[in-house]
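Now for the letters of each chain:
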Amino acid sequence: MAKSYNKYQYETSPRKLEPNYAPKKNITEVKQKNTQKTKSINKQKTEKKLKIKIIKLLGITFAIFFAISYRNAEIDENFEKVQNLKSELATLEKGNSQLEVSIESNLNLTNLEQQARTILGMQKLTNKQTQYISLPKTDYIEPAAEQVVIKEHKRLIDTINDYIKMLFK
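Because the structure is predicted, anything quoted here is derived from the model rather than measured. (Residues numbered from 1 in each chain as written. Predicted model: local features only at pLDDT ≥ 70, side-chain atom pairs only at ≥ 80, totals over all residues. Heavy atoms only, no water.)

**Observations regarding a nonpolar patch on the surface**
Then, number 1: On the surface, a cluster of nonpolar side chains totalling about 850 Å² of accessible area is made up of Leu156, Ile160, Tyr163, Ile164, Met166, Leu167 and Phe168.
Then, number 2: Secondary-structure assignment places Met166 in helix H3 (residues 156–167).
Then, number 3: What makes Met166 exposed here is its relative accessible area of 60%. (Patch = residues over 30% accessible without salt bridge, like charges linked within 9 Å, V, L, I, M, F, W, Y side chains within 5 Å. Areas by Shrake-Rupley, 256 points an atom, 1.4 Å probe, with all protein chains shown as cover. Salt bridge = Lys/Arg side-chain N within 4 Å of Asp/Glu carboxyl O. Helix = DSSP H or I, 4+ residues; strand = E, 2+ residues; numbered from the N terminus. Buried < 20%, exposed > 50% of the residue type's maximum accessible area, 1.4 Å probe, protein only.)

Listed below in structure tokens is the structure:
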């Protein structure tokens, strides 16, 4: 069958077009290229996973260090508060002890007498103002007129026995 270049075809079956010639490639070469591509893709994926893992570990490490430093800062603040409160307590205790000493020094008998004379206008008693009373040395405590009876829980037989004794009295 001769090739005709005109477009009209007289036969009933259409002519078959021959594909452009392409040399056949070796299947092994194609497979090698594909395996090399998959290997490089797998290598890239493992490198990405490794990088992501390293970033995660660095993030976790940073978070742990941040938490530790934050907690230490809180501990330092609380320690400073405790120290301030202790110093305040020491000053208050010192002031209290000074007040106690001043109160004790003002509470002696001579100071009280002097304040009673000057502020309240009091004077010491003279012998003429003193009156003596004689009291008899009898006991003024009277015994109780009523007896205190403490009821105990009795058995039923004892209560019946007491009731019968009371009837015959």
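**A look at the pattern of salt bridges**
Any two side chains of opposite charge can pair, on the condition that their charged atoms come close.
Then, number 1: Counted under the stated rule, the structure contains two salt bridges.
Then, number 2: Arg71 serves as the salt-bridge partner of Glu74, at 2.9 Å between the closest nitrogen and oxygen. Here the residue Glu74 and the residue Arg71 both occupy positions in helix H1 (residues 27–106), the gap between them amounting to three residues, near one helical turn.
Then, number 3: Taking relative accessible area as the criterion, Glu74 reaches 26% and is therefore assigned partly exposed.
Then, number 4: Here Asp158 ties to Arg155 by a salt bridge, and the two come within 3.5 Å at their closest N and O atoms.

**Some points on the confidence of the model for the protein**
Then, number 1: Residue-level pLDDT values for the protein average 82, and 78% of them are 70 or greater.
Then, number 2: The least confident element of the protein, judged by mean pLDDT, is helix H2 (residues 109–118) at 86; the most confident is H1 at 91. (pLDDT = per-residue confidence, 0-100.)

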